[in-house]
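Read off the chains here:
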Amino acid sequence: MDRVAAHPRLAAGVLTLLLFTFLLLTGYPLLNSGDDAFLMYTMGGGFGEAPTELLHYNHIWHPLLGWLGKTIFTLLPGLNGYTFLLVAFHFIATSTVATIALKRLGVKAGTCMVLIFFMFFESRQLTSLTVTGSSFMLALAGGLSVIHSLREKKTGLLHLAIPFTFLLLAGLLRLQVALLVMVLTGAVAVTVLQPKQWVRTGLLFAFVAALLWLANQQHEAYYKKTIPGWEQQEQFRQAVFYAYNRPLREKIPAGVFRNEQEQALFFAGYFYDNSRFTIARVDSIAHAITGTRSFARASDRKGFYWFFIELRVYLLLFVALFLLVRGNAVRQLLLRWAVAVLAYVAIHVYLFIFLKITVPLHFGLLAFLWVAFLVQTSKDCFSETYRSIQRLAGL
């Protein structure tokens, strides 16, 4: 125990390695989206072309990361560079969470927190790989590291350079996800840091966001220069994604589609006829057939109900966690965690009404609640719990 406590980073790395090895040997990780499959085949040269960093999508896989994946495919043809990088980012994120858990809560409580984190949150992302999930978990680890470093008054260049790198990598992997996670972890930072440290956190996050914006501008310029017609392709993709990423109306308004054939082709995703499906036409259809959800509609309430039912295991998990915590600081801990819960609910309500809740975001947001609790609690709360258990057991 003393050796583990003395070397938390090494212990966290070994624990993470054991957990990943077990899951990857006994489980069967798969890519969980068509977009990830397209990106992987493009990066690896699966469409009859050489491996490339030109993955076409804006805001996803900056060419610098794409080049790294392409290089792995080129130098090591037997290794899937795409999934290797996604798994590597998950490993870094889990190892970081484990390190902070061991430092903050000690060996016993910290290990328990990590095992539950991996079993209920990380394993769901790892066996259902997506660029969104990898970006979310890496950004979450970066945000958690920023809060932990400032809280421990470790503000040296090295201590902040590591979480800064995590946040930057997460943003280069998927920009919008990294920005979302910085907002969420910023809300947690307000509950545990001093006002002066709020400013440091905000400045660091703002600096990362500014760098990511500049990187995205370079990303777009590079694609425009190297991919013929990329700007028109991106406009077409955004018009299609507008429909795919928003709730469809219960009844499609009359006159949106010219005929049944056009409607069937649109919903099947067959946009091969660019004289029929122009950018303007697709954009017009997408805006006409989408809307917002409302709790006043029975179908939307039913969807929300089933979403709640799917959460019941996690609700029981969080309830059990708080029942185990003891000490005088429990009330303050609940108030702090309520801020994270409010942020979680606000994001879910927005996604439910205006967009959609994807599986990677769903489990990423649940992991955020667990990590928020980790950074907001203390070793004393769990020490009192162990003493209570020992008294009950007559030890």
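All figures in this text were calculated on a predicted structure; none of them were measured in a lab.

S.K.: What is the right way to look at the pattern of salt bridges in this model?
M.R.: A side chain of one charge can pair with a side chain of the opposite charge when the charged atoms of the two come close. Inspection of the entire model under this criterion finds five salt bridges. Among the salt bridges present, the one from Glu 234 reaches Arg 237, with a minimum N-O distance of 3.1 Å. With Glu 234 and Arg 237 both in helix α10 (residues 230–244) and three residues apart, the pair spans about one turn of that helix. Residue Arg 237 is classed as buried on the basis of its relative accessible area of 14%. The partner of Glu 262 in a salt bridge is Arg 258, with the nearest N and O atoms 3.0 Å apart.

S.K.: Could you clarify how one ought to interpret the layout of surface pockets in this entry?
M.R.: Over the atoms, a rolling probe the size of a water molecule traces out where space has been left empty. If you add up the space inside the largest pocket, you get close to 1,000 Å³. Looking at the largest pocket, it is lined by 32 residues, and the ones nearest its centre are Thr 132, Arg 174, Gln 176, Asn 245 and Thr 358. Top contributing element to the lining of the largest pocket by residue count: α10, with six residues. Counted by class, the lining of the largest pocket contains 15 nonpolar, 10 polar and seven charged residues.

S.K.: Where do I start with the environment of Arg 174 in this structure?
M.R.: You can see Arg 174 is positioned in the loop between α7 (157–173) and α8 (175–192). Its relative accessible area of 24% is what places Arg 174 among the partly exposed residues. The spacing of Arg 174 and Asn 58 is 116 residues in sequence and 9.1 Å in space, taken between C-alpha atoms. Excluding residues within four positions of it along the chain, Arg 174 makes contact with His 59, Ile 60, Val 131, Thr 132 and Ser 135. A polar contact of 2.7 Å, which involves the side chain of Arg 174, links it to the side chain of Thr 132.

S.K.: Could you clarify how one ought to interpret the packing of aromatic side chains in this entry?
M.R.: One pair of aromatic rings is described through two measures. These are the centre distance and the angle between the planes. Evaluated as defined, the whole model comprises 25 aromatic pairs. Here Phe 257 and Phe 267 contribute two aromatic rings whose centre-to-centre distance is 5.8 Å and whose plane-to-plane angle is 55 degrees, an arrangement assigned as tilted. With a gap of 10 residues between them, Phe 257 in the loop between α10 and α11 (260–268) and Phe 267 in helix α11 connect regions that are remote in the sequence. With 5.4 Å between their ring centres and 85 degrees between their planes, Phe 271 and Phe 277 make a pair best called edge-to-face. You can call Phe 277 buried: its relative accessible area is 1%. Members of the aromatic cluster, each reached through a chain of ring pairs, are Phe 117, Phe 120, Phe 121, Tyr 314, Phe 318, Trp 337, Phe 363 and Trp 370. Arg 246 extends its terminal NZ or CZ atom over the ring of Tyr 242, reaching a point 3.9 Å from the ring centre.

S.K.: Got a minute to help me understand the side chain of Arg 336 in this structure?
M.R.: Residue placement: Arg 336 occurs in helix α15 (residues 330–354). From its side chain, Arg 336 meets the backbone oxygen of Thr 191 in a polar contact 3.2 Å long. With near-sequence residues (within four places) excluded, Arg 336 lies in contact with Arg 151, Thr 191, Val 192 and Gln 376.

S.K.: Please explain the packing of α7 against helix α9 (residues 195–226) as it appears in this structure.
M.R.: When two helices pack together, their arrangement is given by the angle between the helix axes and by the axis-to-axis distance. The geometry of α7 relative to α9 is characterised by a closest axis approach of 10 Å and an angle of 35 degrees between their N-to-C directions. Two packed elements cross with a definite hand, and for α7 against α9 that hand is right-handed. Facing Phe 164, Leu 167, Leu 168, Gly 171 and Leu 172 of α7, the residues of α9 in contact are Leu 204, Phe 205, Phe 207, Val 208, Leu 211, Leu 212 and Ala 215.

S.K.: Help me understand the nonpolar core, please; the structure alone is not making it clear to me.
M.R.: Nonpolar side chains in soluble globular proteins generally cluster together in the buried interior. Core analysis: the largest hydrophobic core is formed by 102 residues, its most contacted members being Trp 61, Tyr 82, Phe 121, Phe 136 and Phe 368. For this core, the leading source of residues is helix α5 (residues 81–126), giving 19 residues. Grouped together as the second largest cluster of nonpolar side chains are 13 residues, Ala 239, Leu 265, Val 282 and Ile 285 included.

S.K.: What is the right way to read helix α12 (residues 279–289) from this model?
M.R.: Since the α-helix packs 3.6 residues into each turn, any two residues three or four apart lie on the same face. For α12, the full list of buried residues reads Arg 281, Val 282, Ile 285, Ala 286 and Ile 289. One side of α12 carries all its buried residues, which in axial view fall inside an arc of 130 degrees. Check the buried side of α12 and you find it contacts α10 and α11.

S.K.: What's the story with the environment of Ala 12 in this structure? I'm lost.
M.R.: Relative to the helices and strands, Ala 12 resides in helix α2 (residues 8–26). Placed 102 residues apart in sequence, Ala 12 and Val 114 show a C-alpha to C-alpha distance of 9.0 Å. In this view, Ala 12 contacts Ser 95, Ala 98, Thr 99 and Leu 102; residues no more than four positions away in its chain are not counted.

S.K.: Teacher, can you tell me more about empty space enclosed by the protein here?
M.R.: Counting across every chain of the model gives two cavities of 30 Å³ or more. Around the largest cavity, the lining residues are His 59, Ile 60, His 62, Gly 171, Leu 172, Leu 175, Leu 212, Ala 215, Asn 216 and His 219. Only α7 and α9 provide two or more residues apiece to the lining of the largest cavity. Top element by residues in the lining of the largest cavity is α9. It accounts for four residues. Among the residues making up the lining of the largest cavity, the classes are represented as five nonpolar, five polar and no charged. By volume, the second largest cavity amounts to about 50 Å³. In terms of lining residues, the second largest cavity is bounded by Leu 140, Gly 143, Leu 144, Ile 147, Thr 185, Val 188, Phe 368, Val 371, Ala 372 and Val 375. For the lining of the second largest cavity, the secondary structure elements donating two or more residues are α6 (131–151), α8 and α16 (359–376).

S.K.: What's the story with α9 in this structure? I'm lost.
M.R.: With 32 residues, α9 should reach 46 Å at 1.5 Å per residue; the first-to-last C-alpha distance of 46 Å fits that figure. Of the positions making up α9, those classed as buried are Gln 197, Thr 201, Leu 204, Phe 205, Val 208, Leu 212, Ala 215, Asn 216, His 219, Glu 220 and Tyr 223. As for α9, its buried residues are in contact with α4 (63–75), α6, α7, α8 and α10.

Cut-offs applied
Every chain is numbered independently, its residues counted from 1 as its sequence is written. The predicted origin of the model limits local features to residues at a pLDDT of at least 70 and limits the giving and counting of side-chain atom pairs to 80 or more, whereas totals for whole chains, interfaces and linings rest on all residues. Neither water nor hydrogens contribute to the side-chain values; these are computed over all heavy atoms in the structure. Salt bridge, as applied in this entry: a Lys or Arg side-chain nitrogen positioned within 4 Å of an Asp or Glu carboxyl oxygen. Put simply, DSSP marks the helices as runs of H or I at least four residues long and the strands as runs of E at least two long, and each gets a number from the N terminus on. Note on exposure labels: buried denotes an accessible area under 20% of the residue type's maximum, exposed denotes more than 50%, and partly exposed covers the range between, all computed with a 1.4 Å probe on protein chains only. Within this scheme a cavity is a closed region of a 1 Å grid, computed over the protein atoms alone, that accommodates a 1.4 Å probe without allowing it to escape, whereas a pocket is open but has protein on both sides within 12 Å along at least five of seven lines; lining residues each have an atom within 4 Å of a point. Grid points are joined across faces, edges and corners, and a volume is the space filled by probe spheres set on the points. Classes in brief: Ala, Val, Leu, Ile, Met, Phe, Trp, Tyr, Cys and Pro nonpolar; Asp, Glu, Lys and Arg charged; the others, Gly included, polar. We call two residues in contact whenever any of their non-hydrogen atoms come within 4.5 Å of each other. Polar contacts, as counted here, are pairs of nitrogen or oxygen atoms within 3.5 Å of one another; within protein the pair requires one atom able to donate a hydrogen and one able to accept it, and residues that are adjacent in sequence qualify only if both atoms are side-chain atoms. Aromatic pairs are defined between Phe, Tyr and Trp rings, using the six-membered ring for Trp, whenever the two ring centres lie within 6.5 Å; interplanar angles under 30 degrees are classed as stacked, those over 60 as edge-to-face, and all others as tilted. Geometrically, a charge over a ring is one whose NZ (Lys) or CZ (Arg) sits within 6 Å of the ring centre while staying within 35 degrees of the ring normal. To get an axis, fit a line to the C-alpha atoms, keeping to the stretch in contact for a helix; angles then go from 0 to 180 degrees between the N-to-C directions. Crossing handedness is read from the near helix: turned anticlockwise from the far helix by less than a right angle, it gives a left-handed crossing, and turned clockwise, a right-handed one. Among the buried residues, those of types Ala, Val, Leu, Ile, Met, Phe, Trp, Tyr and Cys that are joined through side-chain atoms within 4.5 Å form a nonpolar core. Think of it as the arc spanned by the lines of direction from the helix axis to the C-beta atoms. What a helix is expected to span follows from its residue count: subtract one and scale by 1.5 Å.

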